[in-house]
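One letter stands for each residue in the lines below.
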Amino acid sequence: MEVKDITSRDVDFAKWYTDVCRKADLVDYSSIKGSMIIRPLGYAIWEEMVKVLDNEFKKTNHENVQMPLFIPESLLNVEKEHVEGFAPEVAWVTHGGSNLLDERMCVRPTSEVLFCDHYKKIIKSYRDLPKLYNQWCTIVRWEKTTRPFLRSREILWQEGHTMHETKEEALEETLRMFNIYKSFQEKYLAMPVITGRKTEKEKFAGAEITYTIEAMMYDGFALQNGTSHYFGQNFTKAFDITFIDKFNKLLMPYQTSWGVSTRMIGGLIMTHSDNNGLVLPPKIAPTKVIIIPIGEVREKLNLLKAELLKEGITFKVDESEKSPGFKFAEAEVKGYPIRVELGKRDLENNNVTLVRRDTLEKIVISYEEIVAKVKELLVTIQNDMYEKALIRRNSMIYDVLDYEELKTIAATKPGFIKINWCGNVECENKIKEDTTLKSRCLIEDEEVTAPCVVCGKPATTRLYIGKQY
RNA sequence: CGAGAAGUAGCACAGUUUGGUAGUGCAUUAGGUUUGGGACCUAGGGGUCGCAAGUUCGAAUCUUGUCUUCUCGACCA
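All of these numbers come straight from a predicted model, not from anything done at the bench.

Chemist: A description of the overall build of chain A should follow, citing residues and the corresponding values.
Modeler: The secondary structure content of chain A amounts to 14 helices and 23 strands. A compact globule built from 469 residues should have a C-alpha radius of gyration of about 23 Å, and chain A, at 25 Å, falls within 12% of that. The proportion of buried residues among the 469 residues of chain A is 54%. Once local pairs closer than 6 in sequence are excluded, the contacts in chain A between residues at least 24 apart make up 68%. Taking the average place of the 66 positive charges on the side chains of chain A and the average place of its 70 negative ones, the gap between the two points comes to 1 Å.

Chemist: Pulling in residues and values, what's your account of the pattern of salt bridges?
Modeler: Throughout the structure, instances matching the rule amount to 32 salt bridges. Of the charged contacts in the structure, one is a salt bridge between Lys198 and Glu214, with a shortest N-O distance of 2.8 Å. Here the residue Lys198 occupies a position in the loop between β9 (193-197) and β10 (209-216), and Glu214 occupies one in strand β10, the gap between them amounting to 16 residues. On the basis of relative accessible area, Lys198 is assigned to the buried category, the value being 6%. Through salt bridges with shared partners, a single ionic network connects Glu332, Arg339, Glu341 and Lys362.

Chemist: Tell me what's going on with the sheet that holds strand β14 (residues 254-261), and back it up with residues and numbers.
Modeler: The strand order across the open sheet built from seven strands is β3-β7-β8-β14-β11-β10-β9, with neighbouring strands paired in mixed fashion. Strands at the two margins of the open sheet, each flanked by one partner only, are β3 (63-64) and β9. With eight bridges joining them, strand β8 (residues 154-164) and β14 adopt antiparallel strand pairing. Within the sheet, the bridge partner assigned to Trp157 lies in β14 and is Ser261.

Chemist: Lay out helix α10 (residues 324-334) in plain terms, naming residues and giving numbers.
Modeler: Among the residues of α10, Lys327, Phe328, Ala331, Glu332, Val333 and Lys334 are the ones counted as buried. Downstream of α10 by one or two residues, Gly335 has phi in the positive range, about 80°.

Chemist: Give me the lowdown on the packing of helix α13 (residues 403-412) against helix α14 (residues 425-435), citing residues and values where you can.
Modeler: Relative orientation of the contacting elements α13 and α14 amounts to 45°, with a least axis distance of 10 Å. One element, α13, and the other, α14, form an angle in the oblique class. Seen from above, α13 lies across α14 with right-handed handedness. Contacts between α13 and α14 involve Tyr403, Leu406, Lys407 and Ala410 from the first element and Lys430, Ile431, Asp434 and Thr435 from the second. Partitioned by chemical class, the residues of the contact of α13 with α14 number four nonpolar, one polar and three charged.

Chemist: Which residues make up the pairing of strand β6 (residues 99-107), and what values go with them?
Modeler: Summarising the sheet, strand β4 (residues 70-72) and β6 pair through three bridges and their orientation is antiparallel. Counted as the bridge partner of Phe70 is Val107 from β6. Where strand β5 (residues 92-96) and β6 come together, four bridges link them in antiparallel fashion. Within the sheet, the bridge partner assigned to Val93 lies in β6 and is Met105. Counting the residues in the hairpin turn of β5 and β6 gives two residues, including Gly97, whose phi is positive at 65°.

Chemist: I'd like a description of the side chain of Thr262, backed by residues and values.
Modeler: As for its position among the elements, Thr262 is in the loop between β14 and α8 (263-272). A relative accessible area of 3% means that Thr262 is categorised as buried. Thr262 has contacts with Met36, Ile38, Trp46, Phe149 and Leu156, leaving out every residue within four places of it along the chain.

Chemist: Now, about the confidence of the model for chain A: what can you tell me, with residues and values included?
Modeler: With 99% of its residues at a pLDDT of 70 or more, chain A has an overall mean of 94. Prediction confidence for the complex, expressed as pTM and ipTM, is 0.96 and 0.90 respectively.

Chemist: An account of helix α1 (residues 13-23) is requested, with residue identities and associated values reported.
Modeler: Among the 11 residues in α1, eight count as buried, and that is most of the element. On its buried face, α1 is in contact with β1 (27-29), α8 and α10.

Chemist: I'd like a rundown of the side chain of Ser261, residues and numbers included.
Modeler: Tracing the backbone shows Ser261 in strand β14. We classify Ser261 as buried; its relative accessible area is 14%. If near-sequence neighbours (up to four positions away) are discounted, Ser261 is found in contact with Trp46, Ile155, Leu156 and Trp157.

Chemist: Lay out the nonpolar core in plain terms, naming residues and giving numbers.
Modeler: The biggest cluster of nonpolar side chains holds 52 residues, and the ones touching the most others in it are Leu26, Ile45, Met49, Leu53, Phe149, Ile269 and Leu278. Looking at which element gives the most residues to this core, the answer is helix α2 (residues 40-59), with seven residues. With residues up to four places along the chain from it excluded, the contact list for Ile269 reads Trp16, Tyr17, Val20, Cys21, Leu26, Phe149 and Leu278. If you look at the next biggest cluster of nonpolar residues, it comprises 25 residues, including Leu304, Leu342, Val352 and Val371.

Criteria and cut-off values
- Residues numbered from 1 in each chain as written.
- Chains lettered and ligands numbered in written order.
- Predicted model: local features only at pLDDT ≥ 70, side-chain atom pairs only at ≥ 80, totals over all residues.
- Heavy atoms only, no water.
- Helix = DSSP H or I, 4+ residues; strand = E, 2+ residues; numbered from the N terminus.
- Rg over C-alpha atoms; globule rule 2.2 N^0.38 Å.
- Buried < 20%, exposed > 50% of the residue type's maximum accessible area, 1.4 Å probe, protein only.
- Contact = heavy atoms within 4.5 Å.
- Lys, Arg positive; Asp, Glu negative; His and termini not counted.
- Charge placed at Lys NZ, Arg CZ, Asp CG, Glu CD.
- Salt bridge = Lys/Arg side-chain N within 4 Å of Asp/Glu carboxyl O.
- Pairing = 2+ DSSP bridges.
- Axes fitted to C-alpha atoms, helices over the stretch in contact; angles between N-to-C directions.
- Parallel < 35°, antiparallel > 145°, perpendicular 65-115°, else oblique.
- Left-handed = near helix turned anticlockwise from the far one by under 90°.
- Nonpolar A, V, L, I, M, F, W, Y, C, P; charged D, E, K, R; others polar.
- pLDDT = per-residue confidence, 0-100.
- Core = buried A, V, L, I, M, F, W, Y, C linked by side-chain atoms within 4.5 Å.

Okay, structure coming up:
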């Protein structure tokens with residue numbers, strides 16, 4: 001459990017990642033492949049995420065529900081594209097006790113069909129719309145390769161499923177939730193993200209439009225950190241969901257779904273953490289301040305605790321018998337944004353030492369300044385972490401016009417590549433075959449600058465490509 | 001799912017080649033001394049060697065199967 005056990009980030013990034021997950025005590029392996037135990041610190045980070053997002057969902061009039069865990073096979077089969085997309089990775093329940101079931105059921109890999117089955121019953125009139133439901137739950141997808149937080153078989157997440165009277169309303173909802181995710185990741189997780197539509201090839205099974213949020217990890221790989229889908233009437237037609245509008249006409253509603261998962265915790269680690277362990281942005285850190293008393297400082301400690309409590313700044317005090325050096329290292333592994341070293345020797349001069357986790361900078365100030373400085377630092381650290389990640393990310397984005405150059409960069413430089421693309425799936429496939437890079441998302445706010453980088457025909461759009469987790 | 005590597009105490013590992021009843025460091029418990037970057041002394045506790053079958057008088061060690069983890073590939077809404 002010592003920092004020196006953490007593999008260097010630049011030596012072996014994959015090993016470093018799992019080391020941080022374990023040493024910071026975020027997660028433990030269970031005896032079931034791909035099903036992890038989320039430990040108290042990992043879960044506390046998730047709870048902070050849930051708190052912020054759930055509040056955003058409720059502010060935008062969404063209601064939480066809880067749907068069944070199982071999906072009967074016949075129900076999963078209702079929407080053709082959807083079942084084809086998910087069938088290879090669902091887990092099946094075939095027995096109840098020792099009796100073979102008449103119809104096998106899968107453990108939900110996502111809940112579109114469950115919501116549709118329910119909406120069919122409760123939506124009758126335009127007065128029943130919109131329906132804005134969300135659920136916090138776990139789902140199961142039988143992944144072949146698994147990694148803590150990034151790709152597990154049991155996934156803790158949130159899925160919103162909404163039904164709307166018009167196409168315009170549904171499209172607006174898709175973008176509304178997409179923007180909530182984007183701004184959450186930028187403002188709270190301090191993660192710069194690229195956002196946009198997925199290509200036809202990469203969109204969600206059954207969706208008309210998929211918007212994606214992609215963050216670049218320290219090693220240049222992309223992590224898809226959230227998606228928002230517009231379904232049009234694909235599912236409502238398949239499920240025959242209808243309502244009567246105000247002119248007494250029978251119509252079909254338009255649908256969306258959107259989700260984020262504990263994968264964001266993996267993104268947080270691979271964006272900000274370092275060789276000393278976890279680094280958490282203050283806004284998402286469950287505990288903002290760790291106080292380490294050195295020597296007999298009880299009186300000042302009690303005073304400080306009362307002041308932080310009054311200010312609503314979450315803190316912990318390490319009053320264990322360990323040596324100060326051990327406590328410093330431990331505090332760094334766990335990623336507390338600010339460490340307060342409350343030492344007898346400093347206090348004789350009326351000083352305390354603050355240490356920023358993101359830069360490890362030591363700041364000596366007088367005792368009276370402490371609360372004001374902590375408040376200031378929490379803001380500074382949050383901003384600096386975003387800026388640092390942004391600069392690094394931007395330095396790893398390449399704009400490429402020539403296909404040979406594309407292959408060279410793909411093979412030698414980690415990161416994202418911007419290209420001009422004709423929109424043809426053959427060109428998309430060729431890039432993947434030649435370079436293993438896949439489409440991340442369309443860049444819709446930039447004009448095309450040259451012909452398609454693959455085929456040389458006129459380009460219709462700009463596109464981000466990159467390797468992914 | 002394919003190829004490769006690994007699994008011995010909470011963690012990191014030795015012991016396996018050559019079969020003989022399990023060890024080191026850290027952590028942990030008790031008492032004491034310490035305290036500004038991973039303290040020290042003394043005395044303890046903790047492991048059916050991933051699991052299962054087989055070979056053998058005897059298996060951590062040999063054989064087979066299986067599970068889990070890691071790496072590379074395929075897959076990945």
